Amino acid sequence: MKENKIRVDMIKFFLSKGDLPQAINHLEEFLSMVDREDFIKFGLLLAECYYLSGEYTSVRDIFKKLVAKAVSRQELDLLAMKSIEYRLDAGLVCDKYEKYVRKNTADKNAVFNLAYYFSKGYEYRKSNYLYEKLLNSAFEGGYEAFLNLANNYNEYFQDNRKAVELIESCLKISPGDKRALLNLVNIHEQEGNFKEALKVLLEYIEHNSGDPYGWARYLDICDVSEKIHVPLEKLEKLAYSTKDIDLCYSLGRYFERNQDYEKSWSYYSAANEILRAKQRRFNVSIFNKEVDRHVKNSNLESIPDVDVGSVIPVFIVGAFRSGTTLLEQIISQNSLFLATGISTAYM
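Okay, so let's go over this structure. Note that the structure is a prediction, hence the values are computed from the model and not measured.

1. Quick look at the overall build of the protein chain
Now for step 1: Check the secondary structure of the protein chain and you find 18 helices and zero strands.
Now for step 2: Here the analysis covers contacts within the protein chain between residues at least 6 apart in sequence; of these, 50% occur between residues at least 24 apart.
Now for step 3: Carbon and sulfur atoms make up 52% of the accessible area of the protein chain, which totals about 20400 Å².

Next up, the structure:
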């Protein structure tokens with residue numbers, strides 16, 4: 001016990017100094033002499049050190065060992081969330097989690113979590129099957145299941161009719177739900193049905209009057225030739241009082257469309273100042289590591305119906321609301337491409 005405490009103190013010392021190689025060496029030795037619970041605890045710490053060091057193959061290797069040691073649902077949930085964070089193959093945890101669910105069929109929360117993990121691992125059909133199974137049972141988190149199932153239909157199966165039907169069912173259970181209303185806005189916007197999008201946004205604003213994001217979306221969609229539902233001065237005061245980046249940018253775009261370039265520039269400048277104050281300084285070395293990490297950890301081998309012998313990652317990079325998501329959706333219509341979602345890693 002005393003030797004273990006000394007080693008733990010040494011690991012903490014090396015981590016405090018940022019000496020990852022030394023911390024990794026001691027953690028690797030330490031794992032060979034601890035019990036199962038400590039193996040998971042310190043194994044996760046070792047995975048984090050590997051991840052920060054760019055040793056992604058080692059991250060996968062330690063995760064396989066951690067999953068083999070995991071027993072409880074809490075441990076499996078922790079490993080599943082970490083695997084998503086590290087962009088690992090969801091199958092590393094999902095296979096064992098699925099066995100747990102089969103043995104504990106009454107644990108509806110476990111079924112819900114597994115459905116979510118499947119969707120993160122691109123196993124959308126398995127995910128949908130579990131969500132639909134939950135909706136046919138008395139599940140307390142029904143509205144979340146409706147919403148997540150709607151996201152699957154919208155983003156992967158591109159079945160907007162089904163997605164809208166599910167979101168409307170969600171809103172019957174939880175009127176004014178922020179995620180549900182905004183997802184409905186997104187679908188109407190994708191279809192070019194801007195009047196319906198504005199109608200839903202006004203409902204969102206009615207339920208969330210103090211949230212500037214609703215007004216930001218409203219300004220982006222509304223026609224500048226038509227009267228808006230609130231005095232612009234009120235929105236301008238809201239932007240300055242909340243220092244909300246989205247609302248400042250949206251006001252900038254609104255005034256630009258209205259050809260009031262002086263006001264437009266003032267709001268763009270204000271938004272940029274707020275953003276600069278929040279952001280870390282750009283570091284080329286960190287940026288290059290992030291790009292390498294995303295390429296190495298893309299786990300394209302785990303995505304169904306992909307010929308991994310011909311995979312070349314394509315990055316679509318751009319400012320917020322500049323059309324990157326639309327471009328991704330257009331490109332993904334080609335059978336040679338597969339969209340893998342949005343990342344904000346480079347902000």
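There is more to say, and it comes next.
2. What to know about the environment of Arg125
Now for step 1: Here Arg125 lies in helix α8 (residues 124-135).
Now for step 2: A relative accessible area of 58% means that Arg125 is categorised as exposed.
Now for step 3: In sequence terms Arg125 and Ala115 are ten residues apart; their C-alpha atoms lie 9.5 Å from each other.
Now for step 4: Residues in contact with Arg125, not counting those within four places in the same chain, are Tyr156 and Phe157.

3. Describing the packing of aromatic side chains
Now for step 1: Evaluation of the coordinates by the stated rule reveals 16 aromatic pairs.
Now for step 2: Aromatic side chains Phe112 and Tyr131 sit 5.8 Å apart centroid to centroid with 65 degrees between the ring planes, which places their arrangement in the edge-to-face category. In this pair, Phe112 sits in helix α7 (residues 108-120) while Tyr131 sits in helix α8, placing the two residues 19 residues apart along the sequence. A single burial state applies to Phe112 and to Tyr131, both of which are buried.
Now for step 3: Ring centres of Tyr249 and Tyr268 lie 6.5 Å apart, and the angle between their planes is 45 degrees; this geometry places the pair in the tilted category. Here Tyr268 lies in helix α16 (residues 261-278) and Tyr249 lies in helix α15 (residues 245-257), a separation of 19 residues in the sequence.
Now for step 4: Accessibility expressed as a relative area gives 18% for Tyr268, which makes it buried.
Now for step 5: By the ring-pair criterion, three or more aromatic residues cluster together here, those being Tyr51, Tyr56, Phe63 and Tyr86.
Now for step 6: Positioned over the ring face of Phe39 is Lys69, at 5.1 Å from the centre of the ring.

4. A few points about the nonpolar core
Now for step 1: The biggest cluster of nonpolar side chains holds 94 residues, and the ones touching the most others in it are Ile62, Phe63, Ile228 and Leu251.
Now for step 2: If you tally residues by element for this core, the top one is helix α3 (residues 36-53), at nine residues.
Now for step 3: Beyond its immediate chain neighbours, meaning those up to four positions away, Ile62 contacts Leu31, Phe39, Gly43, Leu46, Ala47 and Tyr50.

5. Points about the environment of Leu79
Now for step 1: Relative to the assigned elements, Leu79 resides in helix α5 (residues 73-85).
Now for step 2: Accessibility expressed as a relative area gives 0% for Leu79, which makes it buried.
Now for step 3: When the C-alpha positions of Leu79 and Val93 are compared, they lie 7.0 Å apart, and in sequence the two are 14 residues distant.
Now for step 4: Each residue touching Leu79, except ones within four places of it in the same chain, is listed here: Leu44, Phe63, Leu66, Val67, Ala70 and Val93.

6. Things to note about the packing of helix α2 (residues 20-31) against α3
Now for step 1: Interhelical geometry of α2 versus α3 gives an angle of 150 degrees and a closest axis separation of 10 Å. One finds that α2 runs roughly antiparallel with respect to α3. Once α2 is placed against α3, the crossing between them reads as left-handed. Each of Leu20, Ile24, Leu27, Glu28, Phe30 and Leu31 in α2 lies in contact with α3, whose residues at this interface are Asp38, Phe39, Phe42, Gly43, Leu45, Leu46, Cys49, Tyr50, Leu52 and Ser53.

7. With respect to the side chain of Asp177
Now for step 1: Within the secondary structure layout, Asp177 lies in the loop between α10 (160-173) and α11 (178-190).
Now for step 2: For the buried Asp177, no salt bridge exists, and the shortest N-O distance to an oppositely charged side chain is 5.7 Å, to Arg179.
Now for step 3: In terms of polar contacts, Asp177 uses its side chain to reach the backbone amide nitrogen of Arg179, at 3.3 Å.
Now for step 4: Ignoring sequence-local partners within four residues, the contact set of Asp177 consists of Tyr143, Leu147 and Leu171.

Thresholds, definitions, all that
- Residues numbered from 1 in each chain as written.
- Predicted model: local features only at pLDDT ≥ 70, side-chain atom pairs only at ≥ 80, totals over all residues.
- Heavy atoms only, no water.
- Helix = DSSP H or I, 4+ residues; strand = E, 2+ residues; numbered from the N terminus.
- Contact = heavy atoms within 4.5 Å.
- Areas by Shrake-Rupley, 256 points an atom, 1.4 Å probe, with all protein chains shown as cover.
- Buried < 20%, exposed > 50% of the residue type's maximum accessible area, 1.4 Å probe, protein only.
- Phe/Tyr/Trp six-rings, centres within 6.5 Å; stacked < 30°, edge-to-face > 60°.
- Lys NZ or Arg CZ within 6 Å of the ring centre and 35° of its normal.
- Core = buried A, V, L, I, M, F, W, Y, C linked by side-chain atoms within 4.5 Å.
- Axes fitted to C-alpha atoms, helices over the stretch in contact; angles between N-to-C directions.
- Parallel < 35°, antiparallel > 145°, perpendicular 65-115°, else oblique.
- Left-handed = near helix turned anticlockwise from the far one by under 90°.
- Lys, Arg positive; Asp, Glu negative; His and termini not counted.
- Salt bridge = Lys/Arg side-chain N within 4 Å of Asp/Glu carboxyl O.
- Polar contact = N/O pair within 3.5 Å; in protein donor to acceptor, adjacent residues only side chain to side chain.

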